[in-house]
Every structure is written in structure tokens, then in C-alpha cells.
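# Results of the structural survey
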Amino acid sequence: LLVGLCFLLALWAYAGPAERERARAGGGVLAAFAAGLLCKPVVVTLGGPPDIVGAMPSFIGFHPSESLVVMCLHGPRKRNGLTMRFDLPEPRHHRSLVSEVAARVTRERAGSVILVCYTAAGDVDGKLPRAGLVEGVVRHLVARDVGVVEALLVRAGRWFSYTCTEPCCPSG
């Protein structure tokens, strides 16, 4: 809508002045077109875990640590909506965080989500850190008909998948 308005403004700026003033009006036309281009939404296609991990700090404005980031996705093209960051709680508080995440995602009416857990913690009993937390969030969301596109761990500059068991996915 804003792009269309800027386009009409550019046409008005071009058509308004008399012939002898057209050269001077060229700057206004150019400025209106530039404003229209700046108003266009930026489309970012996330093709997989490396793209998600690389782009997530841009979505939340900083590089998270000891955090769970939840990006809500909408529609068949999975356009991003609300992106939330939660401090990782002590394990005894995992259940309340799981409930809070599920409630907020439900209020957002997301069709699916991307989960990214950022922590420096090591594996626990052969499982990725915070696996219980992530599995709880996945279980609660799936029960509410919300799909989980990816559930990733980011640790020491590398990513690991909580859900993929294929040989191509890095595991702990």
C-alpha cells in the first residue's frame, strides 16, 4: 500500500509542474520512487538450519546467549511473525516456560514455529543440552496443531538438530 502511494506521489510530482520546470521536478520524482523502494518489505528465504542460525540475530537485534528463541510462522509460505526470546531457566522451571511459550504461540495463531536454543552447556547423558525443554515445547505445540519446522541448538558457533536423526544433520 505504501509503495503504491509513493508511486502515485511520484507521478503527481512528474505531471504537476509546467514543461519548463520538469527538469527541476525530476529530483522530486526520483525521491518519491526511492521512498517507494525503501518501503518495500525485505524478503528473506531461510533454506535450512545454516540460514536460520545466520539470520536469527538479525530478527531479534543481537546475538543471543543462554536463550530460547521462538519464531512464529504464518500461512503456507511460512512468513515470519512474532519472534520471542526467553532466558533459559533452571531445569526446575522448564515446565512453566513450556506453558508460557505454548500460550504465546497459540495467541499469535502461528501455524508453525522455528525453535533455536542458544547455550554453552555440554551434552547431558548423551543428549543435547536443554533437550527436555525443547521436547516439551515441541510436544505442547504439536498438541495445539502448531508445526515445528526446526528445533536447533546453537553452541560454540555450531548448530545441532534436536529433531533430525539423518546422517547429514550434526548431532551432539
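See above for the structure.
## A short note on the overall build of the protein chain
Within the protein chain one finds five helices and five strands. Going from N to C terminus, the protein chain has its helices and strands arranged as α-α-α-β-β-α-β-α-β-β. Sorting the 172 residues of the protein chain into buried and exposed places 37% on the buried side. Sequence separation of at least 24 residues holds for 59% of the intrachain contacts in the protein chain that already meet a minimum separation of 6. Carbon and sulfur atoms provide 58% of the accessible area of the protein chain, an area that totals close to 10,600 Å².

## Focus on the side chain of Thr-119
Among the secondary structure elements, Thr-119 is positioned in the loop between strand E3 (112-118) and helix H5 (131-143). Here Thr-119 falls in the buried class, since its relative accessible area comes to 6%. Reaching out from Thr-119, the side chain makes a polar contact with the backbone nitrogen of Ala-121 at a distance of 3.1 Å. Those residues in contact with Thr-119, other than ones at most four positions away along the chain, are Glu-66, Leu-88, Pro-129, Leu-153, Val-154 and Arg-155.

## Side note on the packing of helix H4 (residues 94-108) against H5
Relative to each other, H4 and H5 sit at 35°, their axes nearing to 9 Å. Note that H4 runs across H5; the crossing there is right-handed. In contact with His-94, Leu-97, Val-98, Val-101, Ala-102 and Val-105 of H4, H5 contributes Leu-133, Gly-136, Val-137, His-140 and Leu-141. Looking at side-chain class alone, the contact of H4 with H5 contains eight nonpolar, three polar and no charged residues.

Criteria and thresholds
- Residues numbered from 1 in each chain as written.
- Predicted model: local features only at pLDDT ≥ 70, side-chain atom pairs only at ≥ 80, totals over all residues.
- Heavy atoms only, no water.
- Helix = DSSP H or I, 4+ residues; strand = E, 2+ residues; numbered from the N terminus.
- Buried < 20%, exposed > 50% of the residue type's maximum accessible area, 1.4 Å probe, protein only.
- Contact = heavy atoms within 4.5 Å.
- Areas by Shrake-Rupley, 256 points an atom, 1.4 Å probe, with all protein chains shown as cover.
- Polar contact = N/O pair within 3.5 Å; in protein donor to acceptor, adjacent residues only side chain to side chain.
- Axes fitted to C-alpha atoms, helices over the stretch in contact; angles between N-to-C directions.
- Left-handed = near helix turned anticlockwise from the far one by under 90°.
- Nonpolar A, V, L, I, M, F, W, Y, C, P; charged D, E, K, R; others polar.

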